[in-house]
Amino acid sequence: VFLVLYFPFSKIPLVRSIDLFAERWLYAPSIGLAMIGGYCAWIFWKRYHKIAILTFAVITTAYVLVLVPRIAVWQNETTLGESMVRDAPHAVTAHTFLAMNRMKYDRVQDAADIIGEGFKITNRHIPLYYIAADVAMDMGRLELAELSIKEAQILGREPLGDMAMADVLARQHRFQ
């Protein structure tokens, strides 16, 4: 049971690509490892009291030095997106997230550049096509927006695609 929790379930899309398992499957082994570590620390404490305090202080300091800068990443969506792209430069979801963030703050050209980087990673990520269509619409390039949506719909039909296509057609005055 302990080892089953380490199987790569987090990458199995079960329901419309929603990650149902994620890292939550690693919590149970982590609790067990923490209990083992705690027991070893307790034994160490009983035998070598001063060395145990020093070891605890060093470990705590190391955690603080690592965690405080990582917490700053979560200040807002912009710092989170930039951190995602920096830490995982080959993750198309990170590029999609950051491009959406750039669009939220009307930084259309930045979003377009990020989308270009995302397409260099893969051309099979549907949300990237939709954000590309959004960028194209903001730039007034309706034909490119329509093409992006059609490409996304080839990869998988979603209600978002129909709504985006309706928006493009309305902007092109093709209401029928």
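As the structure is a computational prediction, the values presented were derived from the model and not from experiment.

Reading the values: the criteria
Residues numbered from 1 in each chain as written. Predicted model: local features only at pLDDT ≥ 70, side-chain atom pairs only at ≥ 80, totals over all residues. Heavy atoms only, no water. Core = buried A, V, L, I, M, F, W, Y, C linked by side-chain atoms within 4.5 Å. Buried < 20%, exposed > 50% of the residue type's maximum accessible area, 1.4 Å probe, protein only. Helix = DSSP H or I, 4+ residues; strand = E, 2+ residues; numbered from the N terminus. Contact = heavy atoms within 4.5 Å. Axes fitted to C-alpha atoms, helices over the stretch in contact; angles between N-to-C directions. Parallel < 35°, antiparallel > 145°, perpendicular 65-115°, else oblique. Left-handed = near helix turned anticlockwise from the far one by under 90°. Nonpolar A, V, L, I, M, F, W, Y, C, P; charged D, E, K, R; others polar.

## Some words on the nonpolar core
Here is step 1 of the chain: Ranked by internal contacts, the top residues of the largest apolar core, which has 14 residues, are Ala99, Met103, Ala111, Ile115, Leu128, Ile131 and Val135.
Here is step 2 of the chain: Elements that contribute at least two residues to this core include exactly helix H4 (92-104), helix H5 (108-121) and helix H6 (126-138).
Here is step 3 of the chain: Looking at this core element by element, the count peaks at five residues for H4.
Here is step 4 of the chain: Not counting the four nearest positions on each side in its chain, Ile131 is found in contact with Thr96, Ala99, Met100, Met103 and Ile115.

## Side note on the packing of helix H3 (residues 77-87) against H4
Geometry of a packed helix pair, given as the angle between the helix axes and the separation of the axes.
Here is step 1 of the chain: For the pair H3 and H4, the least separation of the axes is 8 Å and the interaxial angle reads 150°. Looking at the two axes, H3 sits roughly antiparallel to H4. For H3 against H4, the interelement crossing comes out left-handed. Here H3 contributes Glu77, Thr78, Leu80, Gly81, Glu82, Met84 and Val85 to the contact with H4, which in turn contributes Thr93, Ala94, His95, Phe97, Leu98, Asn101, Arg102 and Lys104.
Here is step 2 of the chain: Classifying every residue of the contact of H3 with H4 gives six nonpolar, five polar and four charged.

## With respect to unusual backbone geometry
Here is step 1 of the chain: The phi dihedral of Asp106 falls on the positive side, at around 55°, and the residue is not glycine.
Here is step 2 of the chain: Its place among the elements puts Asp106 in the loop between H4 and H5.
Here is step 3 of the chain: A positive phi is found at His173, a non-glycine position, where the angle reads about 60°.
Here is step 4 of the chain: Structurally, His173 can be placed in the segment after helix H8 (159-171).
Here is step 5 of the chain: Exposure remark for His173: the relative accessible area of 61% places this residue in the exposed category.

Structural measurements only, silent on function.
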